[in-house]
Amino acid sequence: MDKRAVKAWIMYDWANSAYATTVLAAVLPVFYASVAAATVDKDTAASYLAYTHSIGMLCVALLTPLLGTLADLSGRKGNFLRVFTITGVVATLGFSAIGEGDWLLASALLVLSTIGFAGGNTFYDAMLPDLVPAERRDMVSSKGYAYGYIGGGLLLAINLLMIQQPGWFGLPDTLAGTRLAFVSVALWWLMFSIPIFRHAPRRPASPELPASWTGYAKVGVRRLRQTFGQIRRFPQLLRMLVAFWFFNDGINTIILMATIYGTSIGIGTSDLMLALLLTQFIGFPCTLLLGAWAQRWGAKQVLIVSLSVYICIVILGYFMTQALHFYILAGLVGVVQGISQSTARSLFSNLMPAGRTGEYFGFVNVTGKFASIFGPFVFGYVGQITGSTRWGILSLIFFFAAGIVMLLIVNVQRGIRDAGLADQEEQERIRGMNIAGKATGVPFTH
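Note that the coordinates shown come from a computational prediction; the quantities given were computed from them, not determined experimentally.

Before going further, it helps to spend a moment on the state of the cysteines. Such a bond, covalent and formed between the sulfur atoms of two cysteines, is termed a disulfide. Taken as a whole and assessed by the stated rule, the structure comprises 0 disulfides. With no disulfide of its own, cysteine 286 lies 15 Å from the sulfur of cysteine 312, the closest cysteine sulfur. The exposure class assigned to cysteine 286 is buried, which follows from its relative accessible area of 19%.

In structure tokens, the structure reads:
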């Protein structure tokens, strides 16, 4: 195990979490409505932003399975991660130049930054099996999320001060503080990504590695088609995937709708932002602690417990009436959010053939993105027909309960054996190609 590579991998979560907290969650929605789309009414601005998020995630959904396949063929996931990261960094930097009424440019930059952020995470997640053995993945995955909480939380705290107290930083007004926040996120993301750029793990290239981009596309499409057909060979992975569709939809809906829900019941903006910070800093120690428990007791068991806590959060959210209640719920989310995502990532990595993690994580991300439309839709529809967002938040119980039920029928040990057998078959196939190549005088030499 290359310790430098593992530390670099963990540091990337520290790096790109700044984008998730400052840009996606806290600053960009307000900036988009008040500056970029200031020339249109608020409802239209909100619609434009929603459409932009949808377009960005659709682009990611279409790109990542193919690119994940190509990363597996070349054995160089780090190269693809670098391209996506730089794309996200440049787009984030571009937000600082947005003027009043530039909503179309802001939308284009958001699509690019979404592709950079979410696309890069596909290759980042797929590196985990290349870095550490199966018995260490729960802990290392948890450390990544934990450090992400601290990195994202620290920069968010600084950025909120820039925006709310611009004079402390020698800035003329709040808008200048907002622009500087975008610049700081871009520099933070780039600077702390340098270690993984230098130490990203590499696997041997596949014998199918083509000599041209056209060949890449053909082989990538062929292997992607095979993925859809072959995933049935891994029934435990398929069960885990269905469970993930449910509970991840519930988690994402809570992340996306928490601020709107809090506002609808009268909680102030300052309390909402402070609660977001609370989530980040509680998430760090809890993710590390529960990651150690997952390594000892099993990722599946800890994941089921964390999803049970989410059910309690949803029920308590239904009865929430004041800011104190929101702080308590934010703290509970901080306890379980990181560990639920990190254990899901490590479980997936154990159930996938090690030589095709880029391809399969691309498949997971694509199907997960499409599945994620249902949680917000159910939240909004139930709230609309009942006339209360409280019933909307309560409806999310279904997603967590369904995820738990599916997890209960996942046999992790059998799934690990299935993935290991598939890896052995692939190695034997490659050996056979090498022997055939030597016999014809054209050995495989990648």
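In this fold, asparagine 16 is placed in helix α1 (residues 3–36). For asparagine 16, a relative accessible area of 3% puts it in the buried group. Apart from the residues lying within four places of it in its own chain, the contact partners of asparagine 16 are Phe117, Asn121 and Trp189.

This next bit is on the packing of aromatic side chains. Following the criterion strictly, the structure yields 23 aromatic pairs and no others. With 5.3 Å between their ring centres and 80° between their planes, phenylalanine 244 and phenylalanine 348 make a pair best called edge-to-face. Taken together, the residues phenylalanine 244 in helix α10 (residues 235–264) and phenylalanine 348 in helix α13 (residues 323–351) connect sequence positions 104 residues apart. You'll find phenylalanine 244 and phenylalanine 348 in the same group, each marked buried. Seen from their ring centres, tyrosine 318 and phenylalanine 319 are 4.9 Å apart, and the 90° between their planes marks the pair as edge-to-face. Members of the aromatic cluster, each reached through a chain of ring pairs, are Trp9, Tyr12 and Tyr124.

The next point concerns the confidence of the model for the protein. Per-chain confidence: the protein averages 85 in pLDDT, with 91% of residues scoring 70 or above. In this model residues 442–446 is a low-confidence stretch, pLDDT under 50, and it forms 10 contacts with partners more than four residues away in sequence or in other chains.

Where α1 meets helix α6 (residues 134–164), the closest approach of the two axes is 7 Å, and the angle between their N-to-C directions is 40°. When the axis of α1 is compared with that of α6, the two are oblique. Crossing handedness for the pair α1 and α6: right-handed. Residue composition of the contact of α1 with α6, grouped by class: 15 nonpolar, 9 polar and 2 charged.

We now examine a nonpolar patch on the surface. On the surface, Ile158, Leu161, Trp168 and Phe169 cluster together into a nonpolar patch covering about 410 Å² of accessible area. Structurally, the position occupied by phenylalanine 169 is in the loop between α6 and α7 (174–191). Looking at phenylalanine 169, the relative accessible area reads 35%, which means it is partly exposed.

Met240, Phe247 and Phe400 are the most contacted members of the largest nonpolar core, which has 114 residues in total. For this core, the element with the most residues is α1, which contributes 18 residues. Ignoring anything within four residues of it in the chain, the contact list for phenylalanine 247 reads Met240, Leu303, Leu307, Ala344, Phe399, Phe400, Gly403 and Leu407.

It is worth spelling out the pattern of salt bridges at this point. The final tally for this structure, using the stated rule, is 4 salt bridges. Residues aspartate 125 and arginine 345 are paired through a salt bridge, measuring 3.0 Å at the closest nitrogen-oxygen approach. Of the two residues, aspartate 125 is situated in helix α4 (residues 103–126) and arginine 345 in helix α13; the sequence distance between them amounts to 220 residues. Exposure remark for aspartate 125: the relative accessible area of 13% places this residue in the buried category. Looking at arginine 345, the relative accessible area reads 5%, which means it is buried. Put simply, glutamate 425 and arginine 233 hold a salt bridge, and the shortest N to O gap is 3.1 Å. With glutamate 425 in helix α18 (residues 412–439) and arginine 233 in the loop between α9 (213–230) and α10, this pair connects stretches of sequence that are 192 residues apart.

Calculation rules
Residues numbered from 1 in each chain as written. Predicted model: local features only at pLDDT ≥ 70, side-chain atom pairs only at ≥ 80, totals over all residues. Heavy atoms only, no water. Disulfide = S-S within 2.5 Å. Buried < 20%, exposed > 50% of the residue type's maximum accessible area, 1.4 Å probe, protein only. Helix = DSSP H or I, 4+ residues; strand = E, 2+ residues; numbered from the N terminus. Contact = heavy atoms within 4.5 Å. Phe/Tyr/Trp six-rings, centres within 6.5 Å; stacked < 30°, edge-to-face > 60°. pLDDT = per-residue confidence, 0-100. Axes fitted to C-alpha atoms, helices over the stretch in contact; angles between N-to-C directions. Parallel < 35°, antiparallel > 145°, perpendicular 65-115°, else oblique. Left-handed = near helix turned anticlockwise from the far one by under 90°. Nonpolar A, V, L, I, M, F, W, Y, C, P; charged D, E, K, R; others polar. Patch = residues over 30% accessible without salt bridge, like charges linked within 9 Å, V, L, I, M, F, W, Y side chains within 5 Å. Areas by Shrake-Rupley, 256 points an atom, 1.4 Å probe, with all protein chains shown as cover. Salt bridge = Lys/Arg side-chain N within 4 Å of Asp/Glu carboxyl O. Core = buried A, V, L, I, M, F, W, Y, C linked by side-chain atoms within 4.5 Å.

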